[in-house]
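Spelled out from the first residue to the last, the chains are:
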Amino acid sequence: MNEENRFPRKRGRWIAAAAAALLAALYLLFAFSGIPFIAKWRTLYIETAMGTMTHQWLATAFLPDFVIQEAMKDVEARFQDNLIEASDIAQGEEVPPPPAEPAQTPEERAVANFASLFPEVDLDTLPESVTWEDLPTLEMEKLEGVYTTAGDRVWAIDVPNKILILTVSGEGYQGKLAIAKDSSQVVLAKNTLSGRGQTVTELCEAYGAVLGVNASGFYDPEGKGRGNVPMGFVLSGGEYSGQALKGRYQTAGFDYDDNFRAGRGLDLDGMRDAVQFYPIIVLNGEKNIDGSFGMGIQPRTVIGQTADKATLLLVIDGRRVGHSLGTTVSECADILLRYGCWTAMNMDGGSSSSMTYNGRSITKNSSAMPQGRYLPDAWVVKGIPFIDVLD
C-alpha cells in the first residue's frame, strides 16, 4: 500500500483519538470538577435521575458511587428537617367580609362580584370583545392577552364552579395552576377498579368533577405498575384504606371544615380526605424548602390552600424537550406563594403529573400512555349546581 492510501487512515485514527480524548476530558470535568457552576448542574442531574423509580441508571451507569453519594449525602437530612408536627401548623387568619357597597346597576354589580370572586385577574387586560354576557365560562380562545395581577396568563375563568385556571411558565418549564375558590368541593377521588387504577379523567368522570389532578404515588416496579396499589394510606370521604408509611412521608388533606392540613400526627378522625407524600413546600405562609431539595428537576404536582381557603392545584409538565423539562419543588413553592398560599404539599410527580378539566387533559404528561397513567386516586373539584354567582 502506497503512502497516499495510508495517510487518510492515519488521519482518521488521529481524529478518532482526539475526539475520544475530548470526550474523556469533558466527562472528567463533569464528573469530578469542583467549579461551582458545573457542580451545581452535576448535582441537579444526579438528583433528577435518582429521584425516579426507573431511570436511576442515568446516574449509576456513568458516575462513580462516591460522586453520587456526595451529591445525595444531605438529602435524607433535609427530609427529616421537613417533617412537621401538627402542633407546628398555624391556621390562616379569617378574611373579614368586605364593607357594604352602595346601590349598583346590574352590570356594576356583576363587575364587582367578579372582581371579588377572582381578585387575581387584572381586569384591565380583559379585551373589549369580552362582555359580562360572555360569562359564566370563558376559556383560552376568548382569553388571549388576559393576565393576572402577578403576570401569569389566564387560561380559563369558570364562574359557576368558582375556578380560575392559569398558564404558568418560567425558565425551562410550563404548566397549569387551578385556583378552586370553594374547598368544600375539593375531594379525594379513589380508584374503584381491582385490576388497574384509573386516569385523572376517569376519576373525574366517576365523581362528577370538572377538574382533577393526580395525588398519591403508587407501587411501580420497573415502571410497569398498574396504579392500583397506593403508596401510603388513602382517606376518601372519611373511609380509610391502605397502609400508612413513615420516614419522609407526611399526611396532607382536608378536615371537615375544609381546611387543608399537612404534617405528622394529624388526627385522622377529624379529616375527611387525605393521602401521604412529601415534602411540605409551604408552611404558615412561608417557603419551607430550599433549592432542589435533593429531588432534581421533574414534572410536578402540588396541592395547597390560601389563608382564605381557596385550593391551589399546580401541575408542571416535564421531560419534554422544547416544551417543558420540569421544575424543582422550590420553584413550585414560589409559584404558589404568588397567589397567597398558606400551606402546600408536593404530590407524586414524574409521568403521573396530569390535570384534567371538563373531561380532557389540559397538561402534557410525560407518560407513554396518551390518556395519562393509571392512578390510585386524584384530587378533584366537584361541579357546583349552576347559580348566577355574579348577580
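On a predicted model such as this, the values are computed, not experimentally measured, just so you know.

**Regarding the sheet that holds strand E18 (residues 360-361)**
Here 5 strands make up an open sheet; going across it, the order is E5-E19-E6-E17-E18 and the pairing antiparallel. Each edge of the sheet is formed by a strand with only one pairing partner; in this case those strands are strand E5 (186-190) and E18. Relative to E18, strand E17 (residues 355-357) runs antiparallel, the two sharing 2 bridges. If you follow Thr 356 over to E18, its bridge partner there is Ser 361. Across the sheet, helix H7 (residues 200-207) touches E5, strand E6 (209-214), E17, E18 and strand E19 (377-382), and the angle it forms with E6 is around 140°.

**Observations concerning a nonpolar patch on the surface**
Taken together, Leu 22, Leu 23, Leu 26, Leu 29, Ile 35, Phe 37 and Trp 41 make up a surface patch of nonpolar side chains, about 730 Å² in accessible area. For the nonpolar patch, the secondary-structure elements that each account for two or more residues are helix H1 (3-32) and helix H2 (36-50). Among the elements that make up the nonpolar patch, the one with the highest residue count is H1 (4 residues).

**A closer look at H7**
Regarding H7, the residues found buried are Val 200, Thr 201, Leu 203 and Cys 204. An end-on view of H7 places all buried positions within 165° of arc, on one side of the element. In H7, those exposed residues whose orientation departs by more than 90 degrees from the buried face are Glu 205 and Ala 206. Turning to H7, the residues buried within the fold contact E5, E6, E17, E18 and E19. In the segment just after H7, Gly 208 is the residue with positive phi, at about 60°.

**A few points about the nonpolar core**
Ranked by internal contacts, the top residues of the largest apolar core, which has 69 residues, are Leu 177, Leu 211, Ile 281 and Trp 379. In contact with Ile 281, not counting residues within four places along its chain, are Glu 286, Lys 287, Asn 288, Ile 289, Val 302, Val 329, Cys 332, Ala 333, Leu 336, Ala 344 and Asn 346. Listed in part, the 10 residues of the second largest apolar core include Val 187, Val 200, Leu 203 and Ala 378.

**Re the environment of Glu 70**
Tracing the backbone shows Glu 70 in helix H4 (residues 65-72). Note: C-alpha distance between Glu 70 and Thr 43 (27 residues apart in sequence) is 8.9 Å.

**Observations regarding unusual backbone geometry**
With an omega dihedral of -10°, the bond running from Tyr 278 to Pro 279 counts as a cis peptide bond. When you line up the elements, Pro 279 lands in the loop between strand E11 (271-277) and strand E12 (280-283). In this model, Lys 162 sits at a positive phi of 55°, which is unusual for a non-glycine residue. Topologically, Lys 162 is positioned in the loop between strand E2 (153-158) and strand E3 (163-170). Of the residues examined, Lys 162 reaches a relative accessible area of 24% and is grouped as partly exposed. One non-glycine residue, Arg 319, lies in the positive phi region at around 60°. Its place among the elements puts Arg 319 in the loop between strand E15 (311-316) and helix H8 (329-337).

Basis of the calculations
Residues numbered from 1 in each chain as written. Predicted model: local features only at pLDDT ≥ 70, side-chain atom pairs only at ≥ 80, totals over all residues. Heavy atoms only, no water. Pairing = 2+ DSSP bridges. Helix = DSSP H or I, 4+ residues; strand = E, 2+ residues; numbered from the N terminus. Contact = heavy atoms within 4.5 Å. Axes fitted to C-alpha atoms, helices over the stretch in contact; angles between N-to-C directions. Patch = residues over 30% accessible without salt bridge, like charges linked within 9 Å, V, L, I, M, F, W, Y side chains within 5 Å. Areas by Shrake-Rupley, 256 points an atom, 1.4 Å probe, with all protein chains shown as cover. Salt bridge = Lys/Arg side-chain N within 4 Å of Asp/Glu carboxyl O. Buried < 20%, exposed > 50% of the residue type's maximum accessible area, 1.4 Å probe, protein only. Arc of directions from axis to C-beta. Core = buried A, V, L, I, M, F, W, Y, C linked by side-chain atoms within 4.5 Å.

By themselves, these figures tell us nothing about what the structure is for.
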